[in-house]
Amino acid sequence: MRDLRICFLGDSFTAGAGDETGLGWVGRVTAHAWAQGVALTPYNLGVRRDTSADMLRRAEAEVLARLLGNPGDGQGLVLCCGGNDTTFLDDAPRVPPAQVAENVERILAWGVARWPVLLLGVPPLCHDAAHDARAAALEPLLAAVAAELQVPFLPLHAALSATPHWRAAALRRDGVHPDGAGYAALAGLVEAWPGWRAMLAG
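First things first, this report covers the structure right here in the doc. (Residues numbered from 1 in each chain as written. Predicted model: local features only at pLDDT ≥ 70, side-chain atom pairs only at ≥ 80, totals over all residues. Heavy atoms only, no water.)

## What about the packing of helix H2 (residues 24-35) against helix H8 (residues 180-192)?
Packed helix pairs are characterised by how far apart their axes lie and by the angle those axes make with each other. Quick note on the threshold: Only C-alpha atoms enter the line fits that serve as axes; for helices the fit covers just the stretch in contact. Angles between N-to-C directions range over 0 to 180 degrees. What counts as a helix is a DSSP run of H or I of at least four residues, what counts as a strand is a run of E of at least two, and both are numbered from the N terminus. Angle categories are assigned with fixed cut-offs, so that under 35 degrees is roughly parallel, over 145 is roughly antiparallel, 65 to 115 is roughly perpendicular, and the rest are oblique. By definition, any crossing whose near helix is turned counterclockwise from its far helix by less than a right angle is left-handed, and any crossing with a clockwise turn is right-handed. The contact rule is simple, with two residues in contact once any of their heavy atoms fall within 4.5 Å. Polar here means any residue outside two lists: the nonpolar Ala, Val, Leu, Ile, Met, Phe, Trp, Tyr, Cys and Pro, and the charged Asp, Glu, Lys and Arg; Gly therefore counts as polar.
It is the contact of H2 with H8, at a shortest axis distance of 8 Å, that shows an interaxial angle of 50 degrees. Judged by the inter-axis angle, H2 sits oblique to H8. Once H2 is placed against H8, the crossing between them reads as right-handed. Within the contact between the two elements, H2 uses Gly24, Trp25, Arg28, Val29 and His32 and H8 uses Gly180, Tyr183, Ala184, Leu186, Ala187, Val190 and Glu191. Split by residue class, the contact of H2 with H8 holds 7 nonpolar, 3 polar and 2 charged.

Here it is in structure tokens:
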């Protein structure tokens, strides 16, 4: 089996917050990879409330600690951020959109010099329409950064907004995080994505 090691850098959505199974989307795509004959070791670097600025500060140390000198047959980095950047604090986003784009560009540029890298879009934030609109508006900026660096990009906001499992579960809970069915929907989007399939195949 192909021995693949991937760091998943992100926030609470990457950590799988709210999933009663404890799998989140990272655990699900890992299980699916194994079923396809890829021995995937996932390093989940999701931290609740983290912004892109937080991820930029910790990316090098945390990713290198897991991948440097530990090659296996292949390595990779997957980044998902944006929800916490667009949270309002003192009447302004925690991280302005232009700064989010710069932070993501720096993380991706650092990563692509070393490994295959993927960028995911921003999941819906069902608790607040204004916050959700800011998250949706951030996706085109992230897509532009990914295109400039030739990094595969998977938009999430529209597809997950149309997924009943995601929205209904989030609204039943904290308004943000889905349950296992919602994360299964996100995992399904990732598994069908050519960018992810290419990373698995090497």
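## Notes on the pattern of salt bridges
Quick note on the threshold: By definition, a salt bridge exists where a carboxyl oxygen of Asp or Glu is found within 4 Å of a side-chain nitrogen of Lys or Arg. Only protein chains enter the accessibility calculation, which uses a 1.4 Å probe. A residue is then buried if its area is under 20% of the maximum for its type, exposed if over 50%, and partly exposed in between.
This structure, assessed with the given rule, holds 7 salt bridges. For aspartate 54, the salt bridge goes to arginine 57, with nearest N and O atoms at 2.3 Å. Of this pair, aspartate 54 and arginine 57 both sit in helix H3 (residues 52-67), 3 residues apart, which is roughly one turn of the helix. By relative accessible area, aspartate 54 is classed as buried at 17%. Several salt bridges share partner residues, and in doing so they unite Asp50, Arg58 and Glu62 into one network.

## Some points on the sheet that holds strand S7 (residues 153-154)
Heads up, the condition is: Two strands pair if DSSP finds at least two bridges between them.
Taken in spatial order, the 5 strands make up an open sheet running S2-S1-S3-S6-S7, and their pairing is parallel. Bordering the open sheet on either side are strand S2 (38-46) and S7, each of which pairs with just one other strand. Pairing analysis gives 2 bridges linking strand S6 (residues 117-120) to S7, with the strands arranged parallel. In the strand pairing of S7, leucine 120 is matched with leucine 154. Against the sheet, H3 contacts strand S1 (2-10), S2 and strand S3 (74-80), and its axis sits at roughly 160 degrees relative to S1.

## Quick word on the pairing of S3
Most of S3 sits out of view: 7 of its 7 residues are buried. Of the two faces of S3, the one holding Gly74, Gly76, Val78 and Cys80 and the one holding Gln75, Leu77 and Leu79 are both buried throughout. Relative to S3, S1 is paired through 6 bridges, and the arrangement is parallel. When the sheet's bridge partners are listed, leucine 9 is paired in S3 with leucine 79. As judged from the 4 bridges shared by S3 and S6, these two strands associate in the parallel manner. Following the sheet pairing, valine 78 is matched in S6 by leucine 118.

## Focus: the layout of surface pockets
Stated precisely, the cut-off is as follows: Cavities and pockets were defined on a 1 Å grid built over protein atoms only: a cavity is a set of grid points that admits a 1.4 Å probe from which the probe cannot escape, a pocket is an open set flanked by protein on both sides within 12 Å along at least five of seven lines, and lining residues are those with an atom within 4 Å of any such point. Grid points are joined across faces, edges and corners, and a volume is the space filled by probe spheres set on the points.
Volume-wise, the largest pocket comes out at about 290 Å³. Lining the largest pocket are 18 residues, with Asn84, Thr87, His131, Val176 and His177 sitting closest to its centre. Looking at the lining of the largest pocket, the elements that each hand over two or more residues are helix H1 (12-15) and helix H5 (129-149). When its residues are assigned to classes, the lining of the largest pocket shows 4 nonpolar, 7 polar and 7 charged.

## Topic: the side chain of serine 52
Worth spelling out the cut-off: Pairs of N or O atoms within 3.5 Å make up the polar contacts considered here, provided that, within protein, one atom can donate a hydrogen while the other can accept it, and that residues adjacent in sequence are counted only when both atoms are side-chain atoms.
Mapped onto the fold, serine 52 is located in helix H3. Residue classification places serine 52 among the buried residues on the basis of a relative accessible area of 0%. There is a polar contact of 3.0 Å between the side chain of serine 52 and the side chain of asparagine 103. For serine 52, the residues in contact, after removing those within four places along its chain, are Cys81, Asp85, Val95, Val100, Asn103, Val104 and Ile107.

No statement about biological role is implied by the geometric values presented.
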